[in-house]
Amino acid sequence: MQGVFVTLEGVDGSGKTTQAALLTQALEDAGREVVRLREPGGTQISEQIRHILLDPQNDEMCVEAELLLYEASRAQLTRQVIEPALAAGKVVVCDRYYDSTYAYQAGGRGLDEALVRQANALGSCGRVPDATIVFDLDPHVGWGRAIANGADRMEAAGLALQERVRAAYLRLAAEEPDRVRTVDADGTIDEVNARLCAALADVLPELGA
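As a starting point, this report considers the structure included with it. Quantities reported herein were computed from a predicted structural model and do not represent experimental measurements.

Rules and cut-offs
Residues numbered from 1 in each chain as written. Predicted model: local features only at pLDDT ≥ 70, side-chain atom pairs only at ≥ 80, totals over all residues. Heavy atoms only, no water. Pairing = 2+ DSSP bridges. Helix = DSSP H or I, 4+ residues; strand = E, 2+ residues; numbered from the N terminus. Axes fitted to C-alpha atoms, helices over the stretch in contact; angles between N-to-C directions. Parallel < 35°, antiparallel > 145°, perpendicular 65-115°, else oblique. Contact = heavy atoms within 4.5 Å. Nonpolar A, V, L, I, M, F, W, Y, C, P; charged D, E, K, R; others polar. Salt bridge = Lys/Arg side-chain N within 4 Å of Asp/Glu carboxyl O. Buried < 20%, exposed > 50% of the residue type's maximum accessible area, 1.4 Å probe, protein only.

## Section: the sheet that holds strand E4 (residues 131–136)
Working step 1: Here we have five strands laid out as an open sheet, ordered E2-E3-E1-E4-E5, and parallel in their pairing. A single partner strand is all that each edge strand has here, and the edge strands are strand E2 (34–38) and strand E5 (180–184). If you compare each strand with its neighbour and ignore which way they point, the axes differ by 20° on average.
Working step 2: Here strand E1 (residues 4–10) pairs with E4 via five bridges, running parallel. Bridging from a neighbouring strand, Gly 10 pairs with Phe 135 of E4.

In C-alpha cells form, the structure reads like this:
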C-alpha cells in the first residue's frame, strides 16, 4: 500500500491537534497504519529544539535563528521518521510542516519569502506533502483559545502576527489549490471533522467509506 503524507495547518487555536487525533482514529478504524506527528518535534533531537523555540524565556531569539531551528527540527523528523513511514506504506499525519514556516516566518515575521522557501526545501529534504489542510479561523477566536492557559513564545507574539499568518495561509491556498485545501474551522468538532474528511477523500478514499 502506498504511503500518504498529510499535513495540518492553521493559526494557533484553530483545532489542528483535535482534528489530527480524530483523523488518525478514523484511518486506523479503516485499517490503515498511521504515524501521527507534530512540528517541531517527533524525534529526540526535534523535541529538544521544540523546547528552545517555544520557551518564553528565549524572547531574544532573532528571526533568522528561529527559521534555522525550525528547519533543523524538520530535517531530522523527515529523515528519521517521515520517509521510513511513507516507504512502509503508512499514512503520516503531521500537525504543521513547512507551510507553517512560510506562514509564520515569512508572513508573520516578515522574512524574505524566497529565502524562506529555499530554507524550507532544505529543511524538508525535498519532501512535499500529498495534501495539506489549512484550518481557517478568525485569528481573534483562535488566539483567544490558544492563550487561555498561558502563551508559548510564538503565541506571545500577539494577535497581529496571527492575522498576518492567516493571510499567508490563504495566499498559499490560492497558489497551490491542488495540494493546499482550506477547511472552515468555525463550527463544532464533528462539523469540522466532516469537512476535513471530505477535503481528503481524493488522497484517502478510506475516509469516504
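Read on for the rest.
## Considering the packing of helix H3 (residues 63–87) against helix H4 (residues 98–108)
Working step 1: For the pair H3 and H4, interaxial distance at closest approach is 11 Å and the crossing angle is 175°. By the angle class used here, H3 and H4 are roughly antiparallel. Where H3 approaches H4, its residues Glu 66, Leu 67, Tyr 70, Glu 71 and Arg 74 are matched on the opposing element by Tyr 98, Thr 101 and Gln 105.
Working step 2: Here the contact of H3 with H4 is composed, by residue class, of three nonpolar, two polar and three charged.

## Overview of the pattern of salt bridges
Here the idea is simple: oppositely charged side chains can pair when their charged atoms come close.
Working step 1: Under the defined criterion, the tally for this structure stands at 17 salt bridges.
Working step 2: The shortest N-O distance in the salt bridge between Arg 32 and Glu 206 comes to 2.7 Å. Taken together, the residues Arg 32 in the loop between helix H1 (16–29) and E2 and Glu 206 in the segment after helix H8 (189–199) connect sequence positions 174 residues apart.
Working step 3: A relative accessible area of 8% means that Arg 32 is categorised as buried.
Working step 4: Note that Arg 74 and Glu 71 form a salt bridge whose closest N and O atoms lie 2.9 Å from each other. Placement of both Arg 74 and Glu 71 in helix H3 is noted, with a separation of three residues, approximately one turn of the helix.
Working step 5: Where salt bridges share partners, they join Glu 113, Arg 117, Arg 171 and Glu 175 into one cluster.

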